[in-house]
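Here's the letter readout for the chains.
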Amino acid sequence: MPRVNRTAVLSLLIVSSSVFLLFQLYYYRKYVSKSGPHILSRTGHLTASDVQWQTVKKFLALAHRFRLPVFLADTAALKLLSQDALRQRDRQVREPHCSFLCTGRPITSFALHANMWKYDHGFLVAAEQKGFELLELRGEDPRLASLDTLSGEEIPLHFLFRLHSYIIQVVFLYERSGNYLWHGALHLKANMDRGFAPFKLLDYGRHAGAYDRLELVLTVLDGLDVQVPRNVSHFLSEQKNARFLECRYRDARNFLQLYPDDSSPAAVDFRRKAKSLLHLAARTLGHLDVPFWLSSGTCLGWFRQCSIISYSRDVDIGIFIIDFRADIIAAFREAGLSLKHKFGKVEDSLELSFLGGDVKLDVFFFYEDGDVVWNGGTQAKSGRKFKYVFPRFSLCWAELLELKVRVPCQTLDYVTANYGASWSIPVRSWDWKSSPSNVQENGAWPPSEWAELIQVY
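A quick note: this is a predicted structure, and the numbers were derived from the prediction, not measured.

**A few points about the overall build of the protein**
Inference 1: Summing up its helical and strand segments, the protein has 12 helices and 20 strands in all.
Inference 2: In the protein, buried positions account for 48% of the 457 residues.
Inference 3: Surface exposure of the protein reaches about 23,600 Å², of which carbon and sulfur atoms provide 54%.

Written out as structure tokens, the structure is:
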């Protein structure tokens, strides 16, 4: 039997071991170090949470390097952050290294104040070098739109960064003239990859959104420095009801070509006073945390011509009766308005009217009844009651007179119910008892209750 050469065998083992180690190093650098964190699960294997954590870590490192102050806007992560400490601690036991940012969803959403973005090409190049793929969504800038022209200039609305099937969404928030923040809807163009991301799972982009200005705080989540809204619960509540409707500028321009706006000194003065009164109403009801929306002629003016109807001579708002507060009257009086009349009662057909100088603020309270809602009206001299019936609607944000205000999301249905199919044609002669398309007789108040239910000042 031939004698084995020990030196040759040892050399072969050393060479084999070296090749294996080099292969391991190559595999780690090519796959593991780029697609997952340096933290392994208890089993010693990479988990989905590990990969998501590393993806977020890489993105935040890039944002920090290029001084982009993004903040966490992911609803699932923020909900975990807003839960009580015990539930947080229980989750930390299960996922000790990723308790908040690993939500089980393939998306993590961040937001950025758009004025902090200077389109640094170096940032996009660096992201690509880290393995990120980018889908950039742009759209028209509504701040530059007017009734005379539409700028056509496009601005970045959403960035989607993809790394190994995980998506980082960056939502651009723009400052609007009403002192609020706005983001645009996410619309894919014909040549874009519709399989790039699970678009139906995105927190942001199904529609435009509006938010109050918010304060941010820096915290540490899962070992990473992250900015978050100081008031997480308030931000989540806003996000849930953030849908924003842009004014229909083109239609408004066409309307004003047919029916030029009154430019007389009296009309200009009324629009100025109406703007002041609407802002005052928003501040007053905002302090009371009472939501309201544009109603009647004020809603029609926004929808039809993106402005106040100069011959309407009043401002109309709606409030759901469930949001009524007994101190509303006192709050408006403290704000400098006088009560002009109070009709009805909380249980039925409540209506308030205030005066700010020579401009009236009508506050209509709406009642839910099956698949419709309605508000009441009262004729003071006869006690006759009326009701105005609308199909059910939800509320969206809009802008009127440099103010963020609510309007019915189903605005066309709302306006058509009140003004009929010919709502686009101005009507200067209007009888509130017979002109509205949705008015109905609703009995009369008993004379014995007039003193309480029909108060005129």
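That covers the picture; the talk isn't over yet.
**Observations regarding the state of the cysteines**
Inference 1: What the rule picks out here adds up to 3 disulfides.
Inference 2: Each sulfur in the disulfide pair C98 and C102 lies 1.8 Å from the other. Around the S-S axis, the bridge from C98 to C102 shows a dihedral of about 85° and counts as right-handed.
Inference 3: With a relative accessible area of 0%, C98 lands in the buried category.
Inference 4: For C102, a relative accessible area of 2% translates into the label buried.
Inference 5: Here C247 connects covalently by a disulfide to C306, the sulfurs 1.6 Å from one another. Between C247 and C306 the disulfide shows an S-S torsion of about -115°. By sign, it is left-handed. Of this pair, C247 sits in the loop between α6 (232-240) and α7 (249-258) while C306 sits in the loop between α9 (296-305) and β11 (314-320), placing them 59 residues apart in sequence. In this structure, C247 and C306 share a single accessibility class: buried.
Inference 6: Cysteine pairing for the protein, with bonded cysteines counted in sequence order: 1-2, 3-4, 5-6.

**Observations concerning the pattern of salt bridges**
Inference 1: Tallied over the entire structure, the rule returns 25 salt bridges.
Inference 2: Between E246 and R176 there is a salt bridge, with its nearest N and O atoms 2.7 Å apart. On the criterion of sequence distance, the pair formed by E246 in the loop between α6 and α7 and R176 in strand β5 (residues 166-176) is long-range, its members being 70 residues apart.
Inference 3: Since its relative accessible area comes to 26%, E246 is described here as partly exposed.
Inference 4: Members of the salt-bridge network, linked through shared partners, are D269, R272, K273 and D358.

**Remarks on the layout of surface pockets**
Inference 1: The space that makes up the largest pocket amounts to roughly 1,100 Å³.
Inference 2: Along the wall of the largest pocket there are 37 residues; nearest its centre are D212, D289, W397, K404 and R406.
Inference 3: Every element with two or more residues in the lining of the largest pocket is listed here: α6, α8 (265-287), β17 (395-399) and β18 (404-408).
Inference 4: Across the lining of the largest pocket, the residue classes break down as 16 nonpolar, 10 polar and 11 charged.
Inference 5: Reported here for the second largest pocket is a volume of approximately 870 Å³.
Inference 6: Every element with two or more residues in the lining of the second largest pocket is listed here: α9, β11, β12 (338-345), β14 (359-369), β15 (372-378), β16 (384-391) and α11 (411-419).
Inference 7: Of the residues that constitute the lining of the second largest pocket, the class distribution is 17 nonpolar, 12 polar and 8 charged.

**Describing the packing of α9 against α11**
What describes two packed helices is the angle between their axes and the distance between those same axes.
Inference 1: Close contact between α9 and α11 brings their axes to 10 Å; oriented N to C, the two are set at 130°. With respect to each other, α9 and α11 are oriented oblique. The chirality of how α9 crosses α11 is left-handed. Facing S296, G297, C299, L300, W302 and F303 of α9, the residues of α11 in contact are T411, L412, Y414, V415, N418 and Y419.
Inference 2: Taken together, the residues of the contact of α9 with α11 sort by class into 8 nonpolar, 4 polar and no charged.

**Observations regarding the nonpolar core**
Soluble globular proteins tend to bury their nonpolar side chains together.
Inference 1: Core analysis: the largest hydrophobic core is formed by 64 residues, its most contacted members being W302, F332, F354, L361 and F365.
Inference 2: A per-element tally of this core places α8 first, with 8 residues.
Inference 3: Setting aside residues no more than four positions away along its own chain, F332 makes contact with L280, A281, T284, L285, L337, F354 and L361.
Inference 4: The next biggest cluster of nonpolar side chains, apart from the first, holds 56 residues, and it includes F110, F132, I155 and W182.

**What to know about empty space enclosed by the protein**
Inference 1: The tally for this structure, following the rule as stated, stands at 2 cavities of 30 Å³ or more.
Inference 2: The volume enclosed by the largest cavity comes to roughly 40 Å³.
Inference 3: Every residue lining the largest cavity is listed: F59, L68, V70, L112, W117, F123, F159, F161, V170 and F172.
Inference 4: Those elements giving two or more residues to the lining of the largest cavity turn out to be β4 (154-163) and β5.

**Section: α11**
Inference 1: Of all the positions in α11, only T411, Y414, V415, A417, N418 and Y419 are classed as buried.
Inference 2: On its buried face, α11 sits against β10 (293-294), α9, β14, β16 and β18.
Inference 3: Positive phi shows up at G420, right after α11, with a value of about 80°.

**Section: a nonpolar patch on the surface**
Inference 1: On the surface, a nonpolar cluster with roughly 300 Å² of combined accessible area is contributed by L258, Y259 and I425.
Inference 2: Note that L258 resides in helix α7.
Inference 3: Residue L258 is classed as exposed on the basis of its relative accessible area of 65%.

**Structural notes on the packing of aromatic side chains**
Inference 1: Scanning the model with the defined rule gives 30 aromatic pairs in all.
Inference 2: Ring geometry for Y180 against F244: centres 6.0 Å apart, planes inclined by 35°, an arrangement best described as tilted. One end of the pair, Y180, is in strand β6 (residues 180-183); the other, F244, is in the loop between α6 and α7, with 64 residues separating them in the sequence.
Inference 3: A residue is classified by how much of its surface remains accessible, and Y180, at 1% relative accessible area, is buried.

Criteria and cut-off values
- Residues numbered from 1 in each chain as written.
- Predicted model: local features only at pLDDT ≥ 70, side-chain atom pairs only at ≥ 80, totals over all residues.
- Heavy atoms only, no water.
- Helix = DSSP H or I, 4+ residues; strand = E, 2+ residues; numbered from the N terminus.
- Buried < 20%, exposed > 50% of the residue type's maximum accessible area, 1.4 Å probe, protein only.
- Areas by Shrake-Rupley, 256 points an atom, 1.4 Å probe, with all protein chains shown as cover.
- Disulfide = S-S within 2.5 Å.
- Salt bridge = Lys/Arg side-chain N within 4 Å of Asp/Glu carboxyl O.
- 1 Å grid on protein atoms, 1.4 Å probe; cavity = no way out; pocket = protein on both sides within 12 Å on 5 of 7 lines; lining within 4 Å.
- Points joined across faces, edges and corners; volume = space filled by probe spheres on them.
- Nonpolar A, V, L, I, M, F, W, Y, C, P; charged D, E, K, R; others polar.
- Axes fitted to C-alpha atoms, helices over the stretch in contact; angles between N-to-C directions.
- Parallel < 35°, antiparallel > 145°, perpendicular 65-115°, else oblique.
- Left-handed = near helix turned anticlockwise from the far one by under 90°.
- Contact = heavy atoms within 4.5 Å.
- Core = buried A, V, L, I, M, F, W, Y, C linked by side-chain atoms within 4.5 Å.
- Patch = residues over 30% accessible without salt bridge, like charges linked within 9 Å, V, L, I, M, F, W, Y side chains within 5 Å.
- Phe/Tyr/Trp six-rings, centres within 6.5 Å; stacked < 30°, edge-to-face > 60°.

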